[in-house]
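Overview (structure and organization)
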Amino acid sequence: MKVGVHISIAGSISRSVERARDAGCDTFQIFSRNPRGWAFKDLSEEDAGHFRENLRSTGLSPVFDHMPYLPNLATPREDMYEKSCQTLTEELLRCNTLNIPYLVTHLGHHLGDGLDSGRKRVIQAVNRALGDAPNHVMLLLENTAGEKNGVGSSFEDIRAVWDGIEQPSRVGFCFDTCHAFGAGYELRTPDGIEDTLARLDEMLGFSNIHLIHFNDSRGTLGSGLDRHEHIGLGAIGEDGCSSMLQNEFFRSRPLICETPVDERRDDRGNIAKVRELAGGAAGGE
């Protein structure tokens, strides 16, 4: 079983590989640039080369890039939409330069313009970006937490977007446990987990789920809150997290914890907790 966390690129993107190794990761996720701004620097060949070499030497894989926070692929605001589409294309190109096989993105918010209109804009943005970045990087659409005006909180909603993609072989999915729980999918009991996974498989297909964001939740079931918590310390709880980790669906896919770092626990502690609840499995079981 492969477990990791989101890793900082402060100082140099190549240093993220060393940080992931030092944190005890088997796999990891990064932002390839500042996630809180539109401006970014081009990747230097030297830094990209060091990153690729560090990946080869450590054997850490797979690596995931995550889209920055500001882009909104569902927005009706034309200037924001244009910048969001450009960012998506640029991130796909940066992933290719870094030999990162997957880019994770949220579907965005329609800002009151309606779910159907929001989905159409997401479809247009993805089709445009995949066409403008003709490489082998796979885009992973991530489920969201049921927040107001959100696109992608239900599996049916994500499927409706996928059905409009012109290159479906270049699109897969990231399943976020905190988001699913916030959107009303039960993950605290074995029966609830089985029911949720059955719906997920029916709508999107297990073979298309390439990443799990394994997070506990500060919000209650169906709360619509995207508030991540340490593994076992939130509303899903230790029993729920343990039940998920006994299920082959979770054990057979990379798990990335996007959990807090505070006085209670750090990244290494959350990785250790996942392995404890899974029965000590590590290193790509």
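Scope of this entry: the structure provided in the associated data block. (Residues numbered from 1 in each chain as written. Predicted model: local features only at pLDDT ≥ 70, side-chain atom pairs only at ≥ 80, totals over all residues. Heavy atoms only, no water.)

1. Things to note about the pattern of salt bridges
So the rule is basically this: Between Lys or Arg on one side and Asp or Glu on the other, a salt bridge is scored when a side-chain nitrogen of the former is within 4 Å of a carboxyl oxygen of the latter. Secondary structure elements follow DSSP: runs of H or I no shorter than four residues count as helices, runs of E no shorter than two count as strands, and numbering proceeds from the N terminus. Only protein chains enter the accessibility calculation, which uses a 1.4 Å probe. A residue is then buried if its area is under 20% of the maximum for its type, exposed if over 50%, and partly exposed in between.
Enumeration over the complete set of coordinates arrives at 17 salt bridges. Here E82 ties to R128 by a salt bridge, and the two come within 2.6 Å at their closest N and O atoms. You can see E82 sitting in helix α3 (residues 78-98) and its partner R128 sitting in helix α4 (residues 115-132), a full 46 residues away along the chain. Owing to a relative accessible area of 31%, E82 belongs among the partly exposed residues under this scheme. As a salt-bridge pair, K120 and D116 come within 3.3 Å of each other at their nearest N and O atoms. Placement of the pair is K120 and D116 together in helix α4, with a separation of four residues, close to one helical turn. Judged by its relative accessible area of 41%, D116 falls in the partly exposed class. One network of salt bridges, in which partners are shared, links D116, R119, K120 and D157.

2. Quick word on the packing of α4 against helix α5 (residues 155-162)
Here is the rule: Axis definition: a line fit to C-alpha positions, over the contact stretch in the case of helices; interaxial angles, taken between N-to-C directions, run 0 to 180 degrees. Any angle from 65 to 115 degrees is called roughly perpendicular, while one under 35 is roughly parallel, one over 145 is roughly antiparallel, and all others are oblique. Working rule for handedness: look at the near helix, and if it is turned counterclockwise from the far one by less than a right angle, call the crossing left-handed; if clockwise, right-handed. Working rule for contacts: check all heavy atoms of both residues, and any pair within 4.5 Å makes them a contact. Amino acids are sorted into nonpolar (Ala, Val, Leu, Ile, Met, Phe, Trp, Tyr, Cys and Pro), charged (Asp, Glu, Lys and Arg) and polar (every other residue, Gly among them).
Remark: α4 packs on α5, axes separated minimally by 9 Å, with the N-to-C direction vectors making an angle of 45°. As judged from the angle between their axes, α4 and α5 are oblique. Handedness of the α4/α5 crossing: right-handed. Of the residues in α5, those touching α4 at L115, R119, V122 and I123 are D157, A160 and V161. For the contact of α4 with α5, a count of residues per class yields five nonpolar, no polar and two charged.

3. Considering the packing of aromatic side chains
Rules: Paired rings are identified among Phe, Tyr and Trp, the last through its six-membered ring, by centres lying within 6.5 Å, and are further divided according to the angle between planes into stacked (under 30 degrees), edge-to-face (over 60) and tilted (the rest).
Evaluation of the coordinates by the stated rule reveals ten aromatic pairs. Arranged with centres 6.3 Å apart and planes meeting at 55°, the rings of F175 and F250 form a pair that is tilted. Note that F175 is positioned in strand β6 (residues 171-176) and F250 in helix α9 (residues 248-251), a separation of 75 residues in sequence. Looking at F250, the relative accessible area reads 0%, which means it is buried.

4. Let's talk about the nonpolar core
Cut-off, in case you're wondering: By nonpolar core we mean a set of buried residues, namely Ala, Val, Leu, Ile, Met, Phe, Trp, Tyr and Cys, connected to one another through side-chain atoms within 4.5 Å.
Ranked by size, the top nonpolar core spans 72 residues in total, and within it F28, F51, F175, F214, F250 and V274 carry the most contacts. Excluding residues that lie within four positions of it along the chain, F175 makes contacts with N143, F155, A180, L187, T196, L200, I209, L211, I212, H213, F249 and F250. Judged by nonpolar contacts, the second largest core, of eight residues, contains V104, M138, L140 and C174.

5. Describing the pairing of strand β4 (residues 102-106)
Convention followed: In this analysis, strands are considered paired if DSSP registers two or more bridges between them. For a crossover, the right-handed case is the one in which the path from the first strand over the helix to the second runs clockwise, viewed with the strands pointing away from the viewer.
Most of β4 is tucked away, with four of its five residues classed as buried. Sheet topology note: the strand β3 (residues 63-66)/β4 ladder contains three bridges and is parallel. Its bridge partner being in β4, H66 is matched across the sheet by V104. For the crossover from β3 across α3 to β4, the handedness is right-handed. Sheet topology note: the β4/strand β5 (residues 138-142) ladder contains five bridges and is parallel. Bridge pairing in β5 places H106 opposite E142. Running through α4, the crossover from β4 to the neighbouring parallel element β5 is right-handed.

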